[in-house]
Amino acid sequence: MSSTAHKRQKQRKVLLMGKSGAGKSSMRSIIFSNYVAKDVRRLGATIDVEHSNIRFMGNLMLNLWDCGGQAGFTENFLTSSRSQVFASVAVLIFVFDVESREFNADLVNYSSIITALREYSPTARIFVLIHKMDLISPERKDSVFADLRSQIQQVSVESGFGGTGKGAGRQVEYWGTSIWDQSLYKAWTQVIYYLVPNAGQIEVLLSQLADVIHAHELVLYERTTCLMVTHVSRPYETTSNPFTDRFEKLSSILKSHKQSIAKHTGLTAGAANFAELQIKTGNFMFLITRLTENTNLAVALPSGESYFNSARINIALAREKFAELDIATKSSRTEAQRGIEEAATMTCRSPLSVGWIQAACGKTAPEQPPCTMR
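Residues numbered from 1 in each chain as written. Predicted model: local features only at pLDDT ≥ 70, side-chain atom pairs only at ≥ 80, totals over all residues. Heavy atoms only, no water.

As annotated in an unreviewed UniProt entry, the protein carries the name GTP-binding protein and is attributed to Myriangium duriaei CBS 260.36. What UniProt states about the protein under its Subunit (unreviewed entry) heading is, verbatim, "Component of the GSE complex." Here the protein is described in UniProt, under the heading Sequence similarities (unreviewed entry), as follows: "Belongs to the GTR/RAG GTP-binding protein family." (UniProt positions renumbered as here; feature names shortened; annotations may be inferred.)

What follows is the structure in structure tokens.
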């Protein structure tokens with residue numbers, strides 16, 4: 001790794017806390033260790049703190065502290081280890097068990113923890129996950145979540161978080177989650193988006209690419225975890241697509257596909273990946289392809305081979321620019337160059353691709369006959 005890459009690397013401390021048995025380690029194992037929900041039953045209780053350094057998006061290192069929720073450990077975190085645990089925290093993820101029989105005691109515990117957090121890391125973001133929502137009947141989920149959220153929010157405000165001051169209302173977020181559906185991915189996607197230091201730059205670049213290739217939607221996924229990093233939707237998609245949970249569903253599908261690949265190839269689930277997925281119909285075209293060393297790109301396009309060919313070529317030409325937003329490893333630069341050379345051998349591209357290359361990548365492409373866009 002070059003010295004430049006070292007300088008660009010960002011480290012973020014993340015605390016994962018809550019009552020013992022709330023499901024903290026289960027969700028961590030599903031998100032970062034490629035467990036499936038039915039396999040987390042074999043996980044034991046967390047003893048003290050389990051530290052994990054997780055590389056994400058190449059230039060982001062998550063220093064994840066999975067903290068045991070037994071009363072003795074919590075007391076230690078709040079007393080003798082207080083400054084060590086709560087200093088320099090970027091994010092606290094606090095997990096409530098929706099069916100806890102000691103919810104008032106859980107609230108007291110939550111209050112003590114965020115009070116310590118405010119003392120040592122006052123700018124930290126808090127994500128409250130009301131977990132195991134699958135245990136609540138569908139017709140009661142909304143009302144149960146709203147009631148518990150109201151109680152937790154009151155404690156948050158009393159402890160100095162999530163009040164009415166400038167920006168304070170955004171400092172605590174509340175999500176209902178379950179390991180058995182995509183709600184878990186939805187919540188953790190919000191955590192990741194907050195932590196990724198250059199998400200705004202990535203969105204700008206995605207928006208430019210979407211305009212060039214006439215994409216309805218572009219969705220960027222981290223390759224190892226299959227979590228969505230960010231997305232851009234052009235006006236057609238935001239007004240017409242009724243599936244508001246489509247990004248999380250795709251995360252779940254991609255994760256299941258990785259596990260299936262691992263099962264049939266003998267690879268670990270973390271190492272298993274696919275080169276490209278294509279779906280072509282009379283109404284739309286869909287593509288998932290590798291964008292950089294650390295990301296996959298999902299693309300929804302209008303129907304038509306010219307749109308599809310233009311998208312594949314322009315994505316290949318844009319890889320180098322996106323790779324710059326990952327850590328600048330030799331392998332990512334080599335891959336980006338290979339993508340450009342591959343694109344140069346194709347016989348069809350959009351007339352807009354030259355403008356895209358010059359504006360976004362600072363390169364020019366060999367002259368080739370352009371496609372006629374429908």
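*Asks:* Sorry if this is basic, but what is going on with the sheet that holds strand E11 (residues 295-302) here?
*Replies:* Strand pairs in the sheet, formed through backbone hydrogen bonds, run parallel or antiparallel to each other. The 5 strands lie next to each other as E8-E7-E11-E10-E9, forming an open sheet whose pairing is antiparallel. Two strands in the sheet have a free side with no partner beyond their single neighbour: strand E8 (228-233) and strand E9 (276-280). In this sheet, adjacent strand axes meet at a mean angle of 10° when their direction is disregarded. Where strand E7 (residues 217-222) meets E11, 6 bridges bridge the pair, whose relative direction is antiparallel. (Pairing = 2+ DSSP bridges. Helix = DSSP H or I, 4+ residues; strand = E, 2+ residues; numbered from the N terminus. Axes fitted to C-alpha atoms, helices over the stretch in contact; angles between N-to-C directions.)

*Asks:* Could you clarify how one ought to interpret a nonpolar patch on the surface in this entry?
*Replies:* A cluster of nonpolar residues, Leu277, Ile279 and Phe284, forms a patch on the protein surface that exposes about 230 Å² of accessible area. Structurally, Leu277 can be placed in strand E9. Exposure remark for Leu277: the relative accessible area of 36% places this residue in the partly exposed category. (Patch = residues over 30% accessible without salt bridge, like charges linked within 9 Å, V, L, I, M, F, W, Y side chains within 5 Å. Areas by Shrake-Rupley, 256 points an atom, 1.4 Å probe, with all protein chains shown as cover. Salt bridge = Lys/Arg side-chain N within 4 Å of Asp/Glu carboxyl O. Buried < 20%, exposed > 50% of the residue type's maximum accessible area, 1.4 Å probe, protein only.)

*Asks:* Please explain helix H8 (residues 199-213) as it appears in this structure.
*Replies:* Each α-helix winds once per 3.6 residues, and so residues spaced three or four apart point in a common direction. The first and last C-alpha atoms of H8 sit 21 Å apart over 15 residues, in line with the 21 Å expected at 1.5 Å per residue. Turning to H8, its buried residues are Ala199, Ile202, Leu205, Leu206, Leu209, Ala210, Val212 and Ile213. Across the axial projection of H8, the buried residues extend over an arc of 160°, all falling on one side. Phi turns positive one or two residues past the end of H8, at His214, with a value near 60°. (Expected span 1.5 Å × (residues − 1). Arc of directions from axis to C-beta.)

*Asks:* Sorry, what's going on with the packing of aromatic side chains here?
*Replies:* In this description, a pair of aromatic rings is defined by centroid distance and the angle of the planes. Using the criterion set out here, one finds 6 aromatic pairs in the structure. Note on Phe32 and Trp188: the rings are 5.5 Å apart at their centroids and 85° apart in plane angle, and the pair reads as edge-to-face. Separated by 156 residues along the polypeptide, Phe32 in helix H2 (residues 24-32) and Trp188 in helix H7 (residues 183-195) bring together distant segments of the chain. Each member of the pair, Phe32 together with Trp188, is buried. Feature note: the residues Phe94, Phe96, Phe103 and Tyr110 constitute an aromatic cluster, connected by ring pairs. Between the NZ or CZ atom of Lys13 and the centre of the ring of Trp65, over which it lies, the distance is 4.0 Å. Note that Lys280 overlies the ring of Phe308, its terminal NZ or CZ placed 4.2 Å from the centroid. (Phe/Tyr/Trp six-rings, centres within 6.5 Å; stacked < 30°, edge-to-face > 60°. Lys NZ or Arg CZ within 6 Å of the ring centre and 35° of its normal.)

*Asks:* For this particular structure, what's the right way to read the sheet that holds strand E2 (residues 49-56)?
*Replies:* Spatial strand order, E2-E3-E1-E4-E5-E6: 6 strands in an open sheet with mixed pairing. Two strands lie at the open edges of the sheet, namely E2 and strand E6 (172-176), each paired on one side alone. Mean inter-strand twist for the sheet, computed between neighbouring axes without regard to direction, equals 20°. Pairing geometry for strand E5 (residues 125-131) and E6, over 5 bridges, is parallel. Bridge assignment links Ile126 to a residue of E6, and that residue is Val172.

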